[in-house]
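In case you want the letters, here they are:
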2 protein chains.
Amino acid sequence: MEIKVVRQILEWNEDCSQEIKETLRDKKVCLINVMGSPGAGKTSLILEMVKRLAPDWRAGVLEGDIAGQIDAEKMKRMGIPVVQLNTDGACHIEAMSIRHILPMFALEELDVLFVENIGNLVCPAEFHIGENFRIALLSIPEGDDKVEKYPLMFATTDGLILHKYDMLEYFDFDDKRVARSAEDINPGIRVFRVSSRTGDGMEAFIGWLRQRISEELK
Amino acid sequence: MEIKVVRQILEWNEDCSQEIKETLRDKKVCLINVMGSPGAGKTSLILEMVKRLAPDWRAGVLEGDIAGQIDAEKMKRMGIPVVQLNTDGACHIEAMSIRHILPMFALEELDVLFVENIGNLVCPAEFHIGENFRIALLSIPEGDDKVEKYPLMFATTDGLILHKYDMLEYFDFDDKRVARSAEDINPGIRVFRVSSRTGDGMEAFIGWLRQRISEELK
């Protein structure tokens, strides 16, 4: 019975996701779904992306959290247009929530909308939210066995950020193994080794990001 | 509609959880539900607990993973009785799965059964699995804002392990803040600062663990 219901939700979700895609195509806004575990560094990476896409592109952020608005406050302090979604216990963001929130942004003033999904390597991967593409983060301290353990996340993302890469020397993490496993289940994936703290690897990643956004906004 | 169905699942789950509790009380086995994010160090901590409870208590492990059996193989190599549960996409373990798996263990030869739940700070907190008590891990690299962001996990656990505590100097992590936030929403919680790698803090934690198990097996 559980499976049947989940399917039904997934079908509604797909319809709603398509509707969001059409709205955003009209408004010329590129939606990027950012996913990863709690503490993978999603907020830090989004702050870097917003900063480095300016002034060419103006970005807003939709912050997803089960509770609280810690990250939204960080965005606000940086002058970034932000809306906080609290899922009140739910482990992922659904397209219905995005559709509800979109009118709260001045979309005509935005080129890019980042959605920071709930910190979770599992459920968010199942739900499309009208995104143009996905970025998944795996931070070095989490360990190098995560592609095998949470395959859907890595099979469905467009970009994979091996984040907190400056911590590599302190952890037993085989980054070649991770890249290889991810490419095995997802041949189109692009893997980047990045530290938001030191800036290492950021340039290559932002180059790819700009190219992807350009293609989507054409 | 989604909410109604989830409630129904939670009710079935509670009935099944009670049944497991009764079975394990008869068999004199203490079930411990171990939860935390991907990469928080659940497997390493369980290996330490099993090793340090021996020879007084014999422990088995039920490994929960969405896919694969990497951790179960680690347990097997250490000679620990282990069963792998693959949830095939599901983000938490339900009591029904535990009930199904229990007969696969020689329960009369065990005193303690650890369940390593799916790496996820969200959904596992909602589902009782017949456990006597819960241990949640939060590792230093994950960041010190997780109690506010994922309150249910910290409100419902008995022990909180601030894990990989030897990494404290490399991260901006206010451990007093975390302990205070956790105690605010869960006055009965016990917080331990532990490194499974160096062994620091392990003795105090194992002392508490032994006391809790003794109480449950009375």
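Preceding this paragraph is the structure being described.
Since we're looking at a predicted model, the values are computed, not measured.

Let us look at the pattern of salt bridges. Taken as a whole and judged by the stated rule, the model has 34 salt bridges over all chains. One salt bridge in this structure joins Asp166(A) and Arg197(A), with 2.9 Å as the shortest N-O distance. Of this pair, Asp166(A) sits in the loop between β6 (159-163) and α7 (175-185) while Arg197(A) sits in the loop between β7 (190-193) and α8 (202-217), placing them 31 residues apart in sequence. Between Lys74(B) and Asp71(B) there is a salt bridge whose closest N-O contact spans 3.6 Å. Here the residue Lys74(B) and the residue Asp71(B) both occupy positions in helix α3 (residues 70-77), the gap between them amounting to three residues, near one helical turn. In this structure, a network of salt bridges that share partners links the residues Asp71(A), Lys74(A), Asp145(B), Lys146(B) and Lys149(B).

With that settled, consider the interface of chain A and chain B. Every contact between the two is made by 40 residues of chain A and, on the other side, 39 residues of chain B. Across the interface of chain A and chain B, roughly 3,000 Å² is buried in total on both sides, 63% from carbon and sulfur atoms. For Lys149(B), the salt bridge identified is with Asp71(A), shortest N-O distance 2.6 Å. Here chain A and chain B share six residue pairs in polar contact (both at pLDDT 80 or more) between them. Mapped by element, the contributors of at least two residues to the side of chain A that touches chain B are α1 (2-27), α3 (70-77) and α5 (146-149) of chain A. When residues of the side of chain A that touches chain B are assigned to their parent elements, the largest contribution, five residues, is made by α1(A). Taken together, the residues that form the side of chain A that touches chain B break down as 20 nonpolar, six polar and 14 charged.

Calculation criteria
Residues numbered from 1 in each chain as written. Chains lettered and ligands numbered in written order. Predicted model: local features only at pLDDT ≥ 70, side-chain atom pairs only at ≥ 80, totals over all residues. Heavy atoms only, no water. Salt bridge = Lys/Arg side-chain N within 4 Å of Asp/Glu carboxyl O. Helix = DSSP H or I, 4+ residues; strand = E, 2+ residues; numbered from the N terminus. Contact = heavy atoms within 4.5 Å. Buried area = accessible area lost by both parts, 1.4 Å probe. Polar contact = N/O pair within 3.5 Å; in protein donor to acceptor, adjacent residues only side chain to side chain. Nonpolar A, V, L, I, M, F, W, Y, C, P; charged D, E, K, R; others polar.

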